Amino acid sequence: MSYISSRHWAFVETFRGLKQSLGLFSLATLLASLALSVPLFISTIFYELAEPLRQLPTAVEITIFTDKNADTAKVTTQLEQFSKIDFVLLIPKSEALAKLNDHLGIKNTSKEHNPLPDILIATVSQTSSATEVQQLADAIEKIDGVDIIAYETDWRLKLDALSQTFKLGILCLGIVIATLVLLVVATAIRMTTLTIQPQMRALYLFGASPSFAIRPIAWRGTLLMLIASLGALGITQVGLQALQHQVATLAQLYNVTLFLEMPAMKWCLSFIIGCSVIGYLVATLSAQDAWRKIQY
């Protein structure tokens, strides 16, 4: 049989098998859709709700109080030469005093004396460790025109430790959920291959090659997971729309904006393609197992 005719037969046989076991195929597809929607929905919710946390600044800032007669432009230039400093912000002493008065609630400032110097805030690179920040601070203190500096790294160490613990917990939970989903999906696909023994035996007696006999089963598994992935995306979309109003109301209480949206199109396409490949592989392995049993 030629290349084209063998593929044409596999195409026809795929849909003929679906027609014969439409109820079982529909049940397996629904089961796979529900299983796939669980990690997709949970991961989308976590990603969207974590958006305000991702926007929080986590870089260490070094506050630099200059001498009263210091050339702030020169000091700024020297600070910008450090590779670990992303940018430098200048707060003039008049602005610093105004912010301090506003914070303390001082209204009458007509006779005030400004004892504050010009202040520079150097934002350190996100990738800098506590040791590197310490070394950078020691180097800044040696710059002419710098009086004193202030910085804090303990919160960064605590945040990193908390972040690592959270990521490890999410990873463990993800592995458990992914394992359960794969088991459910594998079971759903194997449900559609329960009736292939007679067909495989007939093809074996007629001298068909393993790839020829397995091909329609593999295509059926691919089609099942393709439909199931689309169904999972649909279920996730409905769930996000149902929660959108409640999440928006909750976000307003904390003065943040949250929108529950589906992942970007490229991620959705990757999800569909990945599920289809899994369907193909699982169905192929199931069909190969059935073929080996016929031979013995």
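Refer to the preceding data block for the structure.
Thresholds applied
Residues numbered from 1 in each chain as written. Predicted model: local features only at pLDDT ≥ 70, side-chain atom pairs only at ≥ 80, totals over all residues. Heavy atoms only, no water. Helix = DSSP H or I, 4+ residues; strand = E, 2+ residues; numbered from the N terminus. Contact = heavy atoms within 4.5 Å. Areas by Shrake-Rupley, 256 points an atom, 1.4 Å probe, with all protein chains shown as cover. Axes fitted to C-alpha atoms, helices over the stretch in contact; angles between N-to-C directions. Parallel < 35°, antiparallel > 145°, perpendicular 65-115°, else oblique. Left-handed = near helix turned anticlockwise from the far one by under 90°. Nonpolar A, V, L, I, M, F, W, Y, C, P; charged D, E, K, R; others polar. Pairing = 2+ DSSP bridges. Salt bridge = Lys/Arg side-chain N within 4 Å of Asp/Glu carboxyl O. Buried < 20%, exposed > 50% of the residue type's maximum accessible area, 1.4 Å probe, protein only. Core = buried A, V, L, I, M, F, W, Y, C linked by side-chain atoms within 4.5 Å. Expected span 1.5 Å × (residues − 1). Bend = angle between axes of the 7 residues up to and from the residue. Patch = residues over 30% accessible without salt bridge, like charges linked within 9 Å, V, L, I, M, F, W, Y side chains within 5 Å.

S.K.: Just checking my understanding: could you explain the overall build of the protein chain for this structure?
M.R.: Along the protein chain, the regular secondary structure elements total ten helices and four strands. Sequence-ordered secondary structure for the protein chain, helices as α and strands as β, is α-α-α-β-α-β-α-β-α-β-α-α-α-α. In the protein chain, 85% of the contacts between residues at least 6 apart in sequence involve partners at least 24 apart. For the protein chain, the accessible surface area stands at approximately 18,500 Å², while carbon and sulfur atoms represent 65% of it.

S.K.: Can you walk me through the packing of helix H2 (residues 22–49) against helix H9 (residues 210–253) in this structure?
M.R.: Helices that pack against each other are described as a pair by the angle of their axes relative to one another and the distance between those axes. Where H2 contacts H9, the axes come no closer than 6 Å and their chain directions differ by 45 degrees. When the axis of H2 is compared with that of H9, the two are oblique. The crossing of H2 and H9 is right-handed. In the contact of H2 with H9, the residues fall into 20 nonpolar, eight polar and one charged.

S.K.: Would you mind showing me how to read the sheet that holds strand E1 (residues 61–66) here?
M.R.: Remark on secondary structure: sheet strands pair via backbone hydrogen bonds, oriented parallel or antiparallel. Read from one edge to the other, the open sheet built from four strands follows the order E2-E3-E1-E4, with strand pairing classed as antiparallel. Both outer strands of the open sheet, strand E2 (85–91) and strand E4 (146–150), are each paired with one neighbouring strand and no more. Put simply, the sheet's adjacent strands are angled 25 degrees from each other on average, direction ignored. Across six bridges, E2 lies against strand E3 (residues 119–124) in antiparallel orientation. Its bridge partner being in E3, Leu89 is matched across the sheet by Ile121.

S.K.: Just to check I follow, could you spell out the pattern of salt bridges for this structure?
M.R.: Scanning all chains against the criterion turns up three salt bridges. When the shortest N-O distance is used, the salt bridge between Arg16 and Glu13 registers 2.3 Å. Linking Arg16 with Glu13, this pair stays in helix H1 (residues 3–20), spanning three residues, or about one helical turn. Taking relative accessible area as the criterion, Arg16 reaches 36% and is therefore assigned partly exposed. Judged by relative accessible area, Glu13 falls into the buried class, the value being 7%. Arg292 is the salt-bridge partner of Asp289, the closest N and O atoms lying 3.7 Å from each other. Highlighted residues: Asp289 and Arg292, both in helix H10 (residues 265–295), separated by three residues, approximately one helical turn. Residue class for Arg292 comes out partly exposed when judged on its relative accessible area of 44%.

S.K.: Please explain the packing of helix H7 (residues 154–191) against H10 as it appears in this structure.
M.R.: For the pair H7 and H10, the least separation of the axes is 10 Å and the interaxial angle reads 55 degrees. Regarding the angle of H7 to H10, the classification is oblique. Here H7 and H10 pass one another in a crossing that is right-handed. For the pair formed by H7 and H10, the contact residues are Leu182, Ala186, Ile189 and Arg190 on the first element and Ile278, Gly279, Val282, Ala283, Ser286 and Asp289 on the second. Taken together, the residues that form the contact of H7 with H10 break down as six nonpolar, two polar and two charged.

S.K.: What am I meant to see in the nonpolar core here?
M.R.: The nonpolar side chains of a soluble globular protein tend to be buried, and buried together. By size, the foremost hydrophobic cluster in this structure holds 22 residues, and its most contacted members are Leu36, Leu224, Met225 and Phe271. In this structure, Phe271 is in contact with Leu36, Leu40, Ser229, Ala232 and Leu233, ignoring residues within four places of it in sequence. Residues Ile62, Leu79, Val133 and Ile149 belong to the second largest nonpolar core, which totals 17 residues.

S.K.: What am I meant to see in the pairing of E1 here?
M.R.: Two faces make up the sheet, and in a regular strand the side chains alternate between them. Covered by surrounding structure in E1 are Ile62, Ile64 and Thr66 only, the residues Glu61, Thr63 and Phe65 on the alternate face being uncovered. Summarising the sheet, E1 and E3 pair through five bridges and their orientation is antiparallel. By the bridge assignment, Glu61 is partnered in E3 with Thr123. Where E1 meets E4, four bridges bridge the pair, whose relative direction is antiparallel. Looking across to E4, one finds that Ile64 is bridged to Ile149.

S.K.: Any chance you could explain H2 here in plain terms?
M.R.: Residues that lie three or four places apart on an α-helix share one face, since the helix turns once every 3.6 residues. The end-to-end C-alpha separation of H2 is 40 Å, in line with the 40 Å expected for 28 residues at 1.5 Å each. A maximum bend of about 25 degrees is found in H2 at Ser37, where proline Pro39 lies one to four positions downstream. Along H2, the positions that sit buried rather than exposed are Phe25, Ala28, Thr29, Ala32, Ser33, Ala35, Leu36, Ser37, Leu40, Thr44, Ile45 and Glu48.

S.K.: Help me understand a nonpolar patch on the surface, please; the structure alone is not making it clear to me.
M.R.: A cluster of nonpolar side chains, contributed by Val38, Ile42, Phe46, Phe166, Ile170 and Leu173, occupies part of the molecular surface with about 510 Å² of accessible area. Of all the secondary-structure elements, those providing two or more residues to the nonpolar patch are H2 and H7. Its place among the elements puts Val38 in helix H2. Residue classification places Val38 among the partly exposed positions, given a relative accessible area of 38%.

Nothing here speaks to function; it is geometry throughout.
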